[in-house]
Amino acid sequence: MPSRLGSIGFQWYSSPFGGILKAVRGMHDIFGSEMAKWKWIETQVRSVFETFGYQEIRTPVLENVEVFSKTVGDETDIVEKQMYQVTKENESLVLRPEGTAGFMRAVLEHQLHREPSIQKYFYYLPMFRHERPQKGRLRQFHQFGAEFINDSSPEADADVIALLDAIYRKLGITEYDIRINSLGCLECRPQMKETLTGFLRPALPNLCEQCQKRFERAPFRILDCKRESCREITAKGPSLSSCLCTKCQTHHTQLKKRLEEAQIPFIDDPSIVRGLDYYSSTAFEFTSSLLGAQSALGGGGRYDQLAERFGEKPFPAVGFALGMERLVIALEAKNAFPQPHLFPKLYLAPLGERALDILFPLSLQLRRAGVWTEISYESQKSLKAQLKHANRLQAHFSLILGEDEIGKKVALLKDMAAQTQTEIPLEGIYENLLNKVNREN
Ligand SMILES: [Zn+2]
Ligand SMILES: [Zn+2]
């Protein structure tokens, strides 16, 4: 009976995949200079979240399917066809396709909305959607998100919009428009829906197939259709903002006032409806031409009723999500990545076994002290070969130790860029090197 591992090994060698195994379609490995870009973005974005007082939350990759089917909306593409399902014993689980529903599940489970001191959370998590892969749209993608709970004021909306604006500015991205809209509340939404469907009904045969399907259950999403033929129709539509109740109108006016005061330019855009069912009141999108066609860099809105979909008492909440992959594309389009400073301080080059005996413990001592140290374990290699390696790694200094040096109780320290060389005694070499590299910092 072959072990399970053995049978995997057998399949591998018989290569039923027609070649080497590759990553799943639409999912990427990140490494090398790409990794340096990601880490740079992550550091910048985290620092902005911190100045705005947002605390990180991490939820599991797997959630029960109801977390999304009950909340994101049955009619959305995400729930209808894009979720990765995992069935194990009696559990029906899915890989997280978006961040807010899982966040809400965590808030309700831990009663975070009853905790008065913390209202602002951020996440940075991988998401999974089975979509047709294309530039900036992968099946595993990564999102930063902000969620501001327990505050229904327009100032909270302005706070999250200003936060997203600050994130792009921190990264050096300024080429975007901020588009805002109000989707109405429980009170005025039915009136908006009636006005919209009343207008669209005669034009129904001219709408695309998908919009025809949306008409009964999610007519607002027709406003979001990217097809030219649908856009032509909806552009002539009635102004839905005139259907807003007084409360929604006041809220929207106050939000605009706050953004003006903060000198954050925006466009009032009634076509911003967002793809998910749980939004109400404020919705917003940041669009940019850096992504080719004018498309969304990030966006969000208010979801005051979302808790109700979990059968709980609602509480106010507003947030956004922004895609990491799109940020990378936007920054590459601008050529805005700083040169990464990822070079070792020291390269230890032992020439012979005796030299390696001395340099190996020294390398660990230096690393424990926080000095990025590389060492060649191939002490039989020539000095030329070892220094070539040091140059390739772009090490600042190389420390050379051969039989001659051991005899003289010294080592040679070479500044790789300046091409200068000094002898330093082996006695006290650790302290000496530490002083030297710390001086250079
Ligand atoms: Zn309203
Ligand atoms: Zn359409």
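Residues numbered from 1 in each chain as written. Chains lettered and ligands numbered in written order. Predicted model: local features only at pLDDT ≥ 70, side-chain atom pairs only at ≥ 80, totals over all residues.

K.L.:
Give me the sheet that holds strand β12 (residues 346–350): which residues, what numbers.
P.N.:
Strands sit in the order β13-β12-β14-β15-β16 across an open sheet of 5 strands; the sheet is mixed. Of all the strands in the sheet, the pair left with one neighbour each is β13 (373–375) and β16 (420–425). On average, each strand axis in the sheet is tilted by 25° relative to the strand beside it, whichever way the strands run. Bridging between strand β14 (residues 397–401) and strand β15 (residues 410–415) involves 4 bridges; their strand directions are antiparallel. Opposite phenylalanine 397, over in β15, you have aspartate 415 as the bridge partner. Packing of helix α13 (residues 353–368) onto the sheet brings it into contact with β12, β13 and β14, and relative to β12 it is tilted by some 165°. (Pairing = 2+ DSSP bridges. Helix = DSSP H or I, 4+ residues; strand = E, 2+ residues; numbered from the N terminus. Axes fitted to C-alpha atoms, helices over the stretch in contact; angles between N-to-C directions. Contact = placed C-beta atoms within 7 Å.)

K.L.:
Please provide a residue-by-residue account of the sheet that holds strand β2 (residues 62–64), values included.
P.N.:
Taken together, the 3 strands give an open sheet; going across it, the order is β2-β4-β3, and neighbouring strands pair in antiparallel fashion. Looking at the sheet topology across the chains shown, the edges are occupied by β2 and β3 (85–88). Sheet twist, expressed as the mean angle between neighbouring strand axes with direction ignored, is 40°. Pairing between β2 and strand β4 (residues 91–95): 3 bridges, direction antiparallel. By the bridge assignment for β4, leucine 62 is matched with leucine 95.

K.L.:
For the confidence of the model for the protein, give the residues involved together with the corresponding values.
P.N.:
Residues shown with low pLDDT carry predicted positions that ought not to be read at fine detail. Overall, the prediction assigns the protein a mean pLDDT of 90, with 94% of residues at 70 or greater. Counting contacts from residues 1–12, a segment whose pLDDT is below 50, to residues more than four positions away or on other chains yields 2 contacts. (pLDDT = per-residue confidence, 0-100.)

K.L.:
Outline the nonpolar core, supporting the account with residue identities and numerical values.
P.N.:
Counting 76 residues, the largest nonpolar core has Phe68, Phe122, Ala146, Phe148, Val160, Ile161 and Leu164 as its most contacted members. Ranked by residues supplied to this core, first place goes to helix α6 (residues 154–170) with 8 residues. Two domains each put at least three residues into this core: domain 1 (17–188 + 244–334) and domain 2 (198–237). Beyond its immediate sequence surroundings of up to four residues, phenylalanine 122 is in contact with Phe49, Tyr54, Glu56, Phe144, Gly145 and Ala146. In this structure, Tyr347, Leu348, Leu351 and Ile400 belong to the second largest nonpolar core, which totals 19 residues. (Core = buried A, V, L, I, M, F, W, Y, C linked by C-beta atoms within 7 Å. Buried ≥ 20, exposed ≤ 12 C-beta atoms within 10 Å, placed from the backbone. Domains from an automatic or database assignment.)

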